[in-house]
Amino acid sequence: MRNVEDTYTNIPTIFEIKIREQGWIHDVNLHLSTECEPIPVEWKGYIRYRNGHRSSIFKLKYVFENALLNQHATFHYFINGTEHVCEPMVFNVYPFYEA
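Residues numbered from 1 in each chain as written. Predicted model: local features only at pLDDT ≥ 70, side-chain atom pairs only at ≥ 80, totals over all residues. Heavy atoms only, no water.

Student: Please give an account of the overall build of the protein that cites residues and values.
Tutor: Helices and strands together make up the secondary structure of the protein, namely 0 helices and 10 strands. Taken from the N to the C terminus, the helices and strands of the protein come in the order β-β-β-β-β-β-β-β-β-β. Each of the three principal axes of the protein carries a C-alpha extent, and together these read 50 × 30 × 20 Å. Buried positions account for 34% of the 99 residues belonging to the protein. (Helix = DSSP H or I, 4+ residues; strand = E, 2+ residues; numbered from the N terminus. Buried < 20%, exposed > 50% of the residue type's maximum accessible area, 1.4 Å probe, protein only.)

Student: Describe the sheet that holds strand E7 (residues 54-62), and please don't skip the residues or the numbers.
Tutor: Spatial ordering of the open sheet is given by E3-E7-E6, a layout of 3 strands whose pairing is antiparallel. Bordering the open sheet on either side are strand E3 (13-20) and strand E6 (42-48), each of which pairs with just one other strand. Within this sheet the neighbouring strands show an average axis-to-axis angle of 25°, counted without direction. Pairing of E6 with E7, which is carried by 6 bridges, proceeds in the antiparallel orientation. Across the sheet, residue Trp 43 finds its bridge partner in E7, namely Phe 58. (Pairing = 2+ DSSP bridges. Axes fitted to C-alpha atoms, helices over the stretch in contact; angles between N-to-C directions.)

Student: Run through the environment of Phe 78, naming residues and quoting values.
Tutor: The residue Phe 78 is located in strand E8 (residues 68-79) in this model. When the C-alpha atoms of Phe 78 and Gly 45 are compared, they prove to be 17 Å apart, with 33 residues separating the residues in sequence. Not counting residues up to four positions away in its chain, the partners in contact with Phe 78 are Trp 24, Ile 25, His 26, Asp 27 and Glu 83. (Contact = heavy atoms within 4.5 Å.)

Student: Describe the nonpolar core, listing the residues and the values that go with them.
Tutor: Of all hydrophobic cores here, the largest spans 20 residues; its most connected members are Phe 15, Ile 19, Val 28, Leu 30 and Leu 32. Of all the elements in the fold, those that place two or more residues in this core are E3, strand E4 (25-32), E7, E8 and strand E10 (89-94). (Core = buried A, V, L, I, M, F, W, Y, C linked by side-chain atoms within 4.5 Å.)

Student: An account of the pattern of salt bridges is needed here, citing residue identities and associated values.
Tutor: With the rule as written, the count across this model stands at 4 salt bridges. Salt-bridge contacts for Glu 16 lead to Lys 18; the nearest nitrogen and oxygen are separated by 3.5 Å. The class of Glu 16 is partly exposed, set by a relative accessible area of 36%. With relative accessibility at 45%, the residue Lys 18 sits in the partly exposed group. One salt bridge in this structure joins Glu 21 and Arg 54, with 2.7 Å as the shortest N-O distance. Linking Glu 21 in the loop between E3 and E4 with Arg 54 in strand E7, this pair joins segments that are 33 residues apart in sequence. By relative accessible area, Arg 54 is classed as partly exposed at 27%. A single salt-bridge network, built from bridges that share partners, covers Glu 16, Lys 18 and Lys 59. (Salt bridge = Lys/Arg side-chain N within 4 Å of Asp/Glu carboxyl O.)

Student: Could you give an account of the confidence of the model for the protein, with specific residues and numbers?
Tutor: Across the protein, the average pLDDT comes to 91, with 94% of residues at or above 70. Taken element by element, the predicted model of the protein shows its lowest mean pLDDT in strand E1 (residues 2-3) (58) and its highest in strand E5 (residues 39-40) (98). (pLDDT = per-residue confidence, 0-100.)

Below, the structure is given as C-alpha cells:
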C-alpha cells in the first residue's frame, strides 16, 4: 500500500492514472472503500515519451461528502482482456471547512 496526499470534503479530489500502452486499454475503474460499485474513469489523452513509449491518461473527479479515515482507492483496468489491479492508495478525508 502507498499513502497519498490527504483529501478534503466538499471539493473535488482528482484521481489520475497513466497506463503504458501495451495493447487495447479498456474498462478503467476506480474502486473506493466508500462506494459499493466501481466508478468508471474517463480517458483524457496521452503522453508520448522520448523513448517512443506512450501512456494513456485517465482522470476522475470525486467529491467526498464526509470526513473519513483510512480510506482505500484502487484502479482496475484491462489491457487486451487481461485485468490489472494497481497498488492500493491509502488516504484520509478531512473537513474542508473547519468549525
